Amino acid sequence: EVSRTAYSYALSANPVSETMQTLVYDAAVRTLYCGGQNGSYYIVRNAQTYGGNLLAGYLNAFISPDPKALDVALENLLYLNVDQPTRRTIGNSVNDLVVDMYNRSTAWVATVAGLSRTTDSGTTWSNIPLTGGSSINCSTVIIDSTNTVNAMTGTEDGVYRITASNGFVSKRIRSGLGNHKLIRSLTQSAGLPGSRRKVWVGTSGGVFIGQESLDLE
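These numbers were taken from a predicted model, which means no experiment stands behind them. (Residues numbered from 1 in each chain as written. Predicted model: local features only at pLDDT ≥ 70, side-chain atom pairs only at ≥ 80, totals over all residues. Heavy atoms only, no water.)

Taking strand neighbours across the sheet as the criterion, the four strands line up as β12-β13-β14-β15 in an open arrangement whose pairing is antiparallel. A strand with exactly one partner marks an edge of an open sheet, and here the two such strands are β12 (138-143) and β15 (169-173). When the angles between neighbouring strand axes are averaged without regard to direction, this sheet yields 20°. Across five bridges, strand β14 (residues 158-163) lies against β15 in antiparallel orientation. Directly across from isoleucine 162, in β15, lies its bridge partner serine 170. (Pairing = 2+ DSSP bridges. Helix = DSSP H or I, 4+ residues; strand = E, 2+ residues; numbered from the N terminus. Axes fitted to C-alpha atoms, helices over the stretch in contact; angles between N-to-C directions.)

Okay, here's the thing in structure tokens:
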């Protein structure tokens, strides 16, 4: 069986070659979203399929069936086409990202200097003001899957809940965390729209489950 490898187009550099901090794969539309250490944002369309940013074809490749011999033969390979993924710039190193699965042009990113949001697939970004420190280091972000105008981000100073229905309104939540204000991870329990769903918080001092003050409304 011939192994398949993605090759750069016309020997140019792979456009997604910098350090990637976080990835989100959307299986429904076969798309990969990437957030980079240098503040980059990529959308790789039709990842792992033919079409989109990857093409299949027979290309000349060096092969060595014998360690003492080197030959050239046509091999069935995958390679990047001229429609390579565009590098979008967020401006700050990305720690985490989440995509709105009801409106895939919208994404939220947690960066070392705050929280940002795009509604046009990364062409432009809005910095979200956070109560008590807009430039705070945000390590993780989640959105409410039943009401995607609501989001939560874990920071070095507790959890922030953000509503983006009419502008951005944020609320800092630190009660119940003791001295463990540095948030490493977040997840939420499932539930119907309007139900009060628990939020689980991973910190340097263990896992906390939110009571009423942390519930998504």
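Let's pick the thread back up.
Within the secondary structure layout, threonine 203 lies in strand β17 (residues 199-203). Residue classification places threonine 203 among the buried residues on the basis of a relative accessible area of 11%. At 3.0 Å, the side chain of threonine 203 and the backbone nitrogen of glycine 205 are in polar contact. In this structure threonine 203 touches His180, Leu182, Ile183, Arg184 and Phe208, once residues within four positions along its chain are discounted. (Buried < 20%, exposed > 50% of the residue type's maximum accessible area, 1.4 Å probe, protein only. Polar contact = N/O pair within 3.5 Å; in protein donor to acceptor, adjacent residues only side chain to side chain. Contact = heavy atoms within 4.5 Å.)

Moving on, we come to the nonpolar core. With 14 residues, the main nonpolar core has Trp108, Leu115, Ile128, Leu130, Cys138, Val141 and Ile162 as its most contacted residues. Contributing elements (two or more residues each) for this core: β9 (107-111), β12 and β14. Counting residues per element, this core draws most heavily on β12, at three residues. Membership of the second largest hydrophobic core comes to eleven residues, among which are Tyr33, Leu97, Ala107 and Val109. (Core = buried A, V, L, I, M, F, W, Y, C linked by side-chain atoms within 4.5 Å.)

Attention now moves to a nonpolar patch on the surface. Nonpolar side chains collect at one region of the surface, where Trp200, Val207 and Ile209 lie side by side and expose about 290 Å² of accessible area between them. With respect to the element layout, isoleucine 209 can be found in strand β18 (residues 206-209). Taking the relative accessible area as the measure of exposure, isoleucine 209 reaches 37% and is therefore partly exposed. (Patch = residues over 30% accessible without salt bridge, like charges linked within 9 Å, V, L, I, M, F, W, Y side chains within 5 Å. Areas by Shrake-Rupley, 256 points an atom, 1.4 Å probe, with all protein chains shown as cover. Salt bridge = Lys/Arg side-chain N within 4 Å of Asp/Glu carboxyl O.)

Our next topic: the pairing of strand β3 (residues 31-36). Here β3 lies mainly inside the structure; five of its six residues are buried. With six bridges connecting them, strand β2 (residues 20-26) and β3 associate as antiparallel partners. The residue bridging methionine 20 from the neighbouring strand is glycine 36, located in β3. Hairpin connection from β2 to β3: four residues lie between these consecutive antiparallel strands, with arginine 30 at a positive phi of about 50°. Inspection of the sheet shows β3 paired to strand β4 (residues 40-44) by four bridges, in the antiparallel sense. Paired with glycine 35 across the two strands is tyrosine 41, which belongs to β4. Hairpin remark: β3 followed by β4, antiparallel, with three residues in the connecting loop; positive phi at glycine 39, about 80°.

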